[in-house]
Amino acid sequence: MIAGAGLAYEQGKLVVTTSYGFVVELDVSTAKQIWQRNLQAPIRSAPIIIDGKIYVTSMNNTVQEMSFADGTLGWNHAGIQESASFLGAASPTVTDDLV
């Protein structure tokens with residue numbers, strides 16, 4: 001089952017998230033994988049790409065920043081744990097330097 005997965009496209013690259021916790025970047029012209037990162041928690045939303053950074057939200061309500069170039073992890077922020085939730089969720093929103 002792949003639920004809660006999402007896609008984002010930027011500069012000829014496709015970023016894919018899965019409910020298995022993977023974030024994968026693919027080169028659209030060659031269909032080759034550029035990098036893959038396992039966040040160890042199901043991803044609830046489609047990724048967003050802003051200013052060379054990718055942002056995703058995991059099932060444990062953590063927003064994770066990572067590099068668009070190579071998937072290097074940046075900061076993360078853990079939200080409030082929920083006792084019940086849906087696998088899908090809205091993507092993070094970025095305005096200026098506020099996520």
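Look above for the structure.
Given the structure is predicted, the values throughout are model-derived calculations rather than measurements. (Residues numbered from 1 in each chain as written. Predicted model: local features only at pLDDT ≥ 70, side-chain atom pairs only at ≥ 80, totals over all residues. Heavy atoms only, no water.)

1. As for the sheet that holds strand 7 (residues 62-67)
Thinking step 1. A sheet is described by the order of its strands in space; here four strands give the open sequence 5-6-7-8, paired in antiparallel fashion. Looking at strand neighbours, the two that pair on one side only are strand 5 (48-50) and strand 8 (73-78), the edges of this open sheet. The mean angle between the axes of side-by-side strands here comes to 20 degrees, regardless of whether they run parallel or antiparallel.
Thinking step 2. With three bridges connecting them, strand 5 and strand 6 (residues 53-57) associate as antiparallel partners. Bridged to Ile49 within strand 6 is Ile54. (Pairing = 2+ DSSP bridges. Helix = DSSP H or I, 4+ residues; strand = E, 2+ residues; numbered from the N terminus. Axes fitted to C-alpha atoms, helices over the stretch in contact; angles between N-to-C directions.)

2. Focus: the sheet that holds strand 4 (residues 32-38)
Thinking step 1. Taken in spatial order, the four strands make up an open sheet running 1-2-3-4, and their pairing is antiparallel. One side of each edge strand has no neighbouring strand; the edge strands of this open sheet are strand 1 (6-10) and strand 4. On average, each strand axis in the sheet is inclined to that of its neighbour by 15 degrees, with strand direction left out of account.
Thinking step 2. Relative to strand 4, strand 3 (residues 22-27) runs antiparallel, the two sharing six bridges. What sits directly across from Val24, in strand 4, is Gln36.

3. Examining the pairing of strand 2 (residues 13-17)
Thinking step 1. Across five bridges, the pairing between strand 1 and strand 2 is antiparallel. Paired with Gly6 across the bridge in strand 2 is Thr17.
Thinking step 2. Taking the residues between adjacent antiparallel strands as the criterion, strand 1 and strand 2 are bridged by two residues, where Gln11 takes a positive phi near 50 degrees.
Thinking step 3. In this structure, strand 2 lies alongside strand 3, joined through five bridges in antiparallel fashion. Residue Leu14 lies in a different strand from strand 3, and its bridge partner there is Leu26.

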